[in-house]
Amino acid sequence: MSAKPRILIVEDEPAIADAIRYVLTSNGFDVAWCQTGTEALATFRGQGADLVVLDVGLPDTSGFDLFRQMKDGRDIPVIFLTARSDEIDRVVGLELGADDYIAKPFSPRELAARVRTILRRSSRVVGKAEVAAAAVADTALPFRLDEERRQIRYYGQLLDLSRYEFGILRQLLLRPGRVYTREELMYQVWEAPEVSSDRTVDTHIKMLRAKLKLIAPAIEAIRTHRGTGYALAETYPDAP
Ligand code: CA
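Residues numbered from 1 in each chain as written. Predicted model: local features only at pLDDT ≥ 70, side-chain atom pairs only at ≥ 80, totals over all residues. Heavy atoms only, no water.

*Asks:* Would you mind going over empty space enclosed by the protein with me for this structure?
*Replies:* Over the atoms rolls a probe the size of a water molecule, and in doing so it shows where empty space is left. What the rule picks out here adds up to two cavities of 30 Å³ or more. Approximately 30 Å³ is the volume found for the second largest cavity. Taken together, Arg209, Leu212, Lys213, Ile219, Glu220, Ala221 and Ile222 make up the lining of the second largest cavity. For the lining of the second largest cavity, the leading source of residues is helix α9 (residues 198-215), giving three residues. Considered class by class, the residues forming the lining of the second largest cavity number four nonpolar, no polar and three charged. (1 Å grid on protein atoms, 1.4 Å probe; cavity = no way out; pocket = protein on both sides within 12 Å on 5 of 7 lines; lining within 4 Å. Points joined across faces, edges and corners; volume = space filled by probe spheres on them. Helix = DSSP H or I, 4+ residues; strand = E, 2+ residues; numbered from the N terminus. Nonpolar A, V, L, I, M, F, W, Y, C, P; charged D, E, K, R; others polar.)

In structure tokens, the structure reads:
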């Protein structure tokens, strides 16, 4: 299995495929490209994919027929590339969701943002550190995670974090907006969770918030959900 989320691009126009390939590769995805439906089906069956970017108008088949063949009872995250409004109508008819098509011409950066959104919501890849890296590369978030150095930057400034503070913030960054219970955080972050108490998590969150506030006093980056736990805010101003 690949270390990065794998994206299969099915698009017969090389210029469009190149632009998509470039932006997805630079966003940390592992990208494969096929020009025909036949080639795509063979690649998909042989190697799989975490998400498929699928042009509706292919030389040998329609993207819809190809999707049906790939799907075969399973849930495959997909983004259809559509050129005409009647194609959009058909995508909407598939009841996949609002993120699942993009009309040509489109910006490759917008496509990359859609890919990240869909992978985040796709349960098949939840919890993969690779998705975390992709999410944190999301320029909409002011956080930058460096797993190798175990460092996190916030609005460009390096946070001075203890081991547990780093672990908690890293975990929240895996899926911005997702509410983690104290128990979950403890389980993910502590080596011996049974010897710690819920209060321990609260104490570290308090310290973490104080450190974030030093950089951005007006921003509540870590939200409390009463009776449930904590979540990372999903939207931030451009500057602290
Ligand atoms: Ca086409």
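Having seen it, we continue.
*Asks:* Mind showing me how you'd approach the nonpolar core here?
*Replies:* If you look at soluble globular proteins, the nonpolar side chains tend to sit buried side by side. In terms of nonpolar packing, the biggest core is built from 32 residues, with Phe143, Ile152, Tyr154, Leu169 and Tyr236 touching the most fellow members. By residue number, the principal contributor to this core is helix α7 (residues 163-174), which donates six residues. The contact partners of Tyr236, leaving out residues within four places of it in the chain, are Ala140, Leu141, Pro142, Phe143, Tyr154, Tyr155, Ile219 and Ala221. Counting 20 residues, the second-largest nonpolar core is a separate cluster that includes Val10, Ala40, Phe44 and Phe80. (Core = buried A, V, L, I, M, F, W, Y, C linked by side-chain atoms within 4.5 Å. Buried < 20%, exposed > 50% of the residue type's maximum accessible area, 1.4 Å probe, protein only. Contact = heavy atoms within 4.5 Å.)

*Asks:* Just checking my understanding: could you explain the environment of Arg178 for this structure?
*Replies:* With respect to the helices and strands, the residue Arg178 is situated in the loop between α7 and β9 (180-181). By relative accessible area, which is 26% here, Arg178 ends up partly exposed. Put simply, Arg178 and Tyr230 are 52 residues apart on the chain and 8.1 Å apart in space, counted from C-alpha to C-alpha. Among residues more than four places away in sequence, those in contact with Arg178 are Glu184, Tyr230 and Ala231. Separated by 2.8 Å, the side chains of Arg178 and Glu184 make a polar contact. (Polar contact = N/O pair within 3.5 Å; in protein donor to acceptor, adjacent residues only side chain to side chain.)

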